[in-house]
Amino acid sequence: MQSIPIATACTIYHKFFYEINLDAYDPYLVAMSSLYLAGKVEEQHLRTRDIINVSNRYFHPGSEPLELDSRFWALRDSIVQCELLMLRVLRFQVSFQHPHKYLLHYLISLKNWLNRYCWQRTPISVTAWALLRDSYHGGLCLRFRAQHIAVAVLHLALQAYGVEVPAEAEAEKPWWQVFSDDLTKPIIDNIVSDLIQIYTMDTEIP
């Protein structure tokens, strides 16, 4: 799957469990249905058979694809029924604005601001994209605006490599406010804090 359909699948998943108690439904079935539904929403259609086989391989590494038997068809029907349930719970609001396009524009602007040597020797772009991808492990996509998330991951990437934006001290306002007028430092700090918490959470999962 491409980046946007994956982001949509994660957002659908988090939004569903924001509305519904986590114990009420099998999270793995919801995850499979989220992928299936996101493929439709973003017009990157996925076959249920592929989703089932990939999921089965995740739980049973090295196993063969499932036979087209009663177990397979029952699981396929469960995915389709779960998809319909999710659409009703989410009131058919499954189209989202993601930070990806904003991050792309911000990176292009930043590349023009920084000198070429600094840009080439530090993987700011790769790191920012990785941070954005990882942000979907949690519910940041539900709590913050897309533009703000894009700026926050870029801010964290710059901090990670100790890179300063040129003429920052002389500027009338910080570089990140150029990208988003309504963004404040506390909002950036909250997003970064939540993102770091996701990494902490991942290390605690057995």
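- As annotated in an unreviewed UniProt entry, the chain carries the name Cyclin-Q and is attributed to Callorhinus ursinus.
- Under the heading Sequence similarities (unreviewed entry), UniProt records this for the chain: "Belongs to the cyclin family. Cyclin-like FAM58 subfamily."

### Some remarks on the domain arrangement of the chain
Move 1: Along its sequence, the chain is carved into domain 1 (3-90) and domain 2 (99-204).
Move 2: For domain 1 and domain 2, the distance between their C-alpha centres works out to 30 Å.
Move 3: Counting residues at the interface gives eight residues for domain 1 and seven residues for domain 2.
Move 4: Of the roughly 570 Å² buried between domain 1 and domain 2 on both sides combined, carbon and sulfur atoms contribute 80%.
Move 5: Its largest share of buried area at the contact with domain 2, domain 1 owes to A7, T11 and H14, together 61% of the area lost on that side.
Move 6: Seen at the junction of domain 1 and domain 2, the total is zero salt bridges.
Move 7: Our count for the domain 1 to domain 2 interface comes out at two residue pairs in polar contact (both at pLDDT 80 or more).

### Overview of the packing of helix α7 (residues 124-135) against helix α9 (residues 146-160)
The axes of two packed helices give the description: the angle between them and the distance between them.
Move 1: At a minimum axis separation of 8 Å, α7 and α9 run at an interaxial angle of 130°. Between α7 and α9, the angle is such that the two are oblique. Relative to α9, α7 is oriented so that their crossing is right-handed. Residues I124, T127, A128, L131 and L132 of α7 lie in contact with α9, whose contacting residues are I149, V153, L154, L156, A157 and L158.
Move 2: Of the residues contributing to the contact of α7 with α9, the split by class is ten nonpolar, one polar and no charged.

### Considerations on unusual backbone geometry
Move 1: In the Ramachandran plot, R91 falls in the positive-phi region, its phi being about 55° despite a non-glycine side chain.
Move 2: Within the fold, R91 resides in the loop between α4 (70-89) and α5 (100-113).

### Quick notes on the side chain of S33
Move 1: Residue position: S33 is located in helix α2 (residues 27-41).
Move 2: The exposure class assigned to S33 is buried, which follows from its relative accessible area of 0%.
Move 3: With near-sequence residues (within four places) excluded, S33 lies in contact with S78, I79, C82, E83 and M86.

### Remarks on the nonpolar core
Move 1: Grouped together as the largest cluster of nonpolar side chains are 37 residues, with contacts concentrated most on L103, L110, I124, V151, L154 and W175.
Move 2: Residue contributions to this core peak at ten residues, all from α9.
Move 3: When near neighbours in sequence (up to four residues on either side) are disregarded, L154 contacts L103, Y106, L107, L110, I124, A128, W175 and F179.
Move 4: F16, F72, I79 and M86 belong to the second largest nonpolar core, which has 22 residues in total.

### Focus: α7
Move 1: Compared with the 16 Å implied by 1.5 Å per residue over twelve residues, the 16 Å span of α7 between its first and last C-alpha is a close match.
Move 2: Of all the residues in α7, the buried ones are I124, T127, A128, L131, L132, D134 and S135. On an axial view of α7, the arc spanned by its buried residues comes to 165°, and they lie on one face. In α7, the exposed positions that point more than 90 degrees away from the buried face belong to V126 and R133.

### Let's talk about the confidence of the model for the chain
Move 1: The share of residues in the chain with pLDDT of 70 or more is 96%, and the mean pLDDT across the chain is 91.
Move 2: Predicted confidence in the chain is weakest over helix α6 (residues 116-121), with a mean pLDDT of 84, and strongest over helix α1 (residues 3-19), with 96.

### Description of a nonpolar patch on the surface
Move 1: Taken together, the side chains of Y28, Y58 and F59 make up a nonpolar region of the molecular surface, amounting to roughly 390 Å² of accessible area.
Move 2: Relative to the helices and strands, Y28 is located in helix α2.
Move 3: Its relative accessible area of 48% is what places Y28 among the partly exposed residues.

### Let's talk about α2
Move 1: If you check α2, its first and last C-alpha atoms are 20 Å apart, about what 15 residues at 1.5 Å a residue would give, namely 21 Å.
Move 2: Inspection of α2 places L29, V30, M32, S33, S34, Y36, L37, A38 and G39 among the buried residues, and these make up the whole buried set.
Move 3: Those residues of α2 that are buried are in contact with α1, α3 (48-59) and α4.
Move 4: N-cap assignment for α2: the residue whose side-chain oxygen lies 3.1 Å from the backbone N of Y28 is D26.
Move 5: Where α2 ends, the next residue or the one after it, E43, has phi of about 55°, a positive value.

Quick notes on the rules
Residues numbered from 1 in each chain as written. Predicted model: local features only at pLDDT ≥ 70, side-chain atom pairs only at ≥ 80, totals over all residues. Heavy atoms only, no water. UniProt positions renumbered as here; feature names shortened; annotations may be inferred. Domains from an automatic or database assignment. Contact = heavy atoms within 4.5 Å. Buried area = accessible area lost by both parts, 1.4 Å probe. Salt bridge = Lys/Arg side-chain N within 4 Å of Asp/Glu carboxyl O. Polar contact = N/O pair within 3.5 Å; in protein donor to acceptor, adjacent residues only side chain to side chain. Axes fitted to C-alpha atoms, helices over the stretch in contact; angles between N-to-C directions. Helix = DSSP H or I, 4+ residues; strand = E, 2+ residues; numbered from the N terminus. Parallel < 35°, antiparallel > 145°, perpendicular 65-115°, else oblique. Left-handed = near helix turned anticlockwise from the far one by under 90°. Nonpolar A, V, L, I, M, F, W, Y, C, P; charged D, E, K, R; others polar. Buried < 20%, exposed > 50% of the residue type's maximum accessible area, 1.4 Å probe, protein only. Core = buried A, V, L, I, M, F, W, Y, C linked by side-chain atoms within 4.5 Å. Expected span 1.5 Å × (residues − 1). Arc of directions from axis to C-beta. pLDDT = per-residue confidence, 0-100. Patch = residues over 30% accessible without salt bridge, like charges linked within 9 Å, V, L, I, M, F, W, Y side chains within 5 Å. Areas by Shrake-Rupley, 256 points an atom, 1.4 Å probe, with all protein chains shown as cover.

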